[in-house]
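# Coordinates in review
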Amino acid sequence: MVKLTDDERAMLDGRDGAAVQKAMDLLVRYAEALGAEDFVYTNNVAGVPGSSPQWVKEYYAADGGDYRAVFSRFDLDSDEVVDIPRMNAFSCHLQGGMDPVMWKEQGMTPAAFANFSSDEAETAAHGVQVLKTCTPYLAGNVPVMGEHCAWMESSAVVFCNSVVGGRTNCEGRESTSAAMLANRIPNFGFHRDEFRKGQHTVRVDVPVDSIFEWGMLGYFTGAAVEDSIPVLDGQISQPSLIRHKHFGAAAASSGGVEMYHMVGITPEARDAETAFGGKARGETFAYGAKERQAIYERLNSIGSSTDVDYVMLGCPHYSVEQIAEAARLIEGRRVAADCELWIFTSRAVKATAEASGYSEILKRAGAKLMTDTCSAISQAVPKGTRVAAFDSAKQVHYLPAMMGIEGWYGTTAECIDAACTGKWNGVLQ
Ligand code: F3S
């Protein structure tokens, strides 16, 4: 049985209203299913509270078919529909289903956009920050070391645990929505010291010095360790934030990595001893020239035609540094007539890209800078797409399979070149 504090007991007894009572009830059931003994306090929650496509609202038509109905019945798993107050925890909305401006280009209908806008107004009215990104840490929500969070989105979760030393499990919609109301999440998994220790070693024997290389190493790591915690050692030197971003997203895609250590680099891995915390060291997986070649081939195994009609960048959502790089690479060139280049980021980063002149360069070249979503989440690709190219191991893992298209993986420069020529010329150097 999960132990409740007096405050938690009072919430469960309805002191703070029906919605908080339902949230606490859901969290107690969740904690008991996990075997958690108690809760941690959280004031940093990232989820998709109450947002839903129209068909979900129609499913709850008998309950009113609105935000309130979806939040009560779906998010809180409640038998009755209750009023939803402003959230109590600092909460942000992760990525959503379409771009707020270029939704028509994404093939969305006016009705779907009206539903999106209405959900967004509800999100803001309920005190949730409208970050609309899978990279909240680039848009105003950076956890600190040891902070208990409740986050969804695998690429954000692995970043939170590994890079900044925040603490979160890979939560779901229901648990995050409940945590926004109750400021609690079960004290389980990555919230506890003993679950944050390394389990296997990934020994890096080749230099890893670009986003492209970090993406491949991440993809290798996830495939090797699956859902355990890898400790990376060997030829790695301080990766930048965006390299961590691509490494973690790839490791969470090919495996289920939710936390990693890099010896001498990440905050809970001062040395290998600390990273493993005295636990058994599991297997060692070597990443050398042979493995690097094999991963490259695997990531490019769903490409056969070199006629590229879509290039998608921004998975996870591009940082301003990456947008600057894309603008530098494309300045003076143009996206080919039979190709499209869509770049995804958050609204916050787009605002900076606009102020810095990068958006204008991209626009002049025929590229589209979109926010809030991505092709995988919105299942939106340019009409007629058959062959796509990506600089993200995560996106090449998902999108071709989801949309039944071919896909190539390469460097950002190769992707920009493909967008401007309509041809894939990627090679492993
Ligand atoms: Fe983000 Fe979409 Fe990739 S939501 S992590 S850009 S799959």
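Residues numbered from 1 in each chain as written. Predicted model: local features only at pLDDT ≥ 70, side-chain atom pairs only at ≥ 80, totals over all residues. Heavy atoms only, no water.

### Examining the domain arrangement of the chain
- The domains assigned to the chain are domain 1 (6-193), domain 2 (197-299) and domain 3 (310-421).
- Centre-to-centre, using C-alpha coordinates, domain 1 lies 30 Å away from domain 2.
- Contacts between the two partners involve 19 residues from domain 1 and, on the opposite side, 15 residues from domain 2.
- For the pair domain 1 and domain 2, the summed buried surface comes to about 1300 Å²; carbon and sulfur atoms form 70% of the total.
- Here domain 1 is connected to domain 2 by zero salt bridges.
- Counted by class, the side of domain 1 that touches domain 2 contains ten nonpolar, seven polar and two charged residues. (Domains from an automatic or database assignment. Contact = heavy atoms within 4.5 Å. Buried area = accessible area lost by both parts, 1.4 Å probe. Salt bridge = Lys/Arg side-chain N within 4 Å of Asp/Glu carboxyl O. Nonpolar A, V, L, I, M, F, W, Y, C, P; charged D, E, K, R; others polar.)

### Brief notes about the pairing of strand E13 (residues 387-390)
- Covered by surrounding structure in E13 are Val387 and Ala389 together with Ala388 and Phe390, the residues of both alternating faces.
- Direction of pairing for E13 relative to strand E14 (residues 406-409): parallel, over a ladder of four bridges. If you follow Ala388 over to E14, its bridge partner there is Gly407.
- Running through helix H16 (residues 393-403), the crossover from E13 to the neighbouring parallel element E14 is right-handed. (Buried < 20%, exposed > 50% of the residue type's maximum accessible area, 1.4 Å probe, protein only. Helix = DSSP H or I, 4+ residues; strand = E, 2+ residues; numbered from the N terminus. Pairing = 2+ DSSP bridges. Right-handed = clockwise from strand over helix to strand, strands pointing away.)

### Overview of the side chain of Thr133
- Positionally, Thr133 belongs in the loop between helix H5 (110-125) and strand E4 (150-151).
- One polar contact links Thr133 to His317, side chain to side chain, over a distance of 2.8 Å. (Polar contact = N/O pair within 3.5 Å; in protein donor to acceptor, adjacent residues only side chain to side chain.)

### Focus on the packing of aromatic side chains
- Under the defined criterion, the tally for this structure stands at 14 aromatic pairs.
- Arranged with centres 6.4 Å apart and planes meeting at 75°, the rings of Trp342 and Phe344 form a pair that is edge-to-face.
- What makes Phe344 buried here is its relative accessible area of 0%.
- Ring pairing ties together the aromatic residues Trp103, Phe113 and Phe116, which thus form one cluster.
- Lying across the ring of Phe74, Arg173 places its NZ or CZ 4.4 Å from the centre. (Phe/Tyr/Trp six-rings, centres within 6.5 Å; stacked < 30°, edge-to-face > 60°. Lys NZ or Arg CZ within 6 Å of the ring centre and 35° of its normal.)

### Thoughts on the site of the ligand
- Taken together, Gln95, Cys134, Glu153, Ser155, Gly314, Cys315, Pro316, His317, Cys374, Ile377, Lys394 and Gln395 make up the full set of residues adjacent to the ligand.
- Split by residue class, the shell around the ligand holds five nonpolar, five polar and two charged. (Near = heavy atom within 4 Å.)

### Observations concerning the environment of Asp99
- Mapped onto the elements of the fold, Asp99 is located in the loop between strand E3 (91-93) and H5.
- As a C-alpha pair, Asp99 and Phe39 span 60 residues in sequence and 36 Å in three-dimensional space.
- Dropping the residues within four chain positions of it, Asp99 is found in contact with Gln106, Leu369, Met370, Thr371 and Thr373.
- Polar side-chain contacts of Asp99 include one of 2.7 Å to the backbone nitrogen of Thr371.

### Things to note about the side chain of Gln395
- Among the structural elements, Gln395 can be located in helix H16.
- If near-sequence neighbours (up to four positions away) are discounted, Gln395 is found in contact with Met312, Cys315, Cys374, Ser375, Ala376, Phe390 and Pro400.

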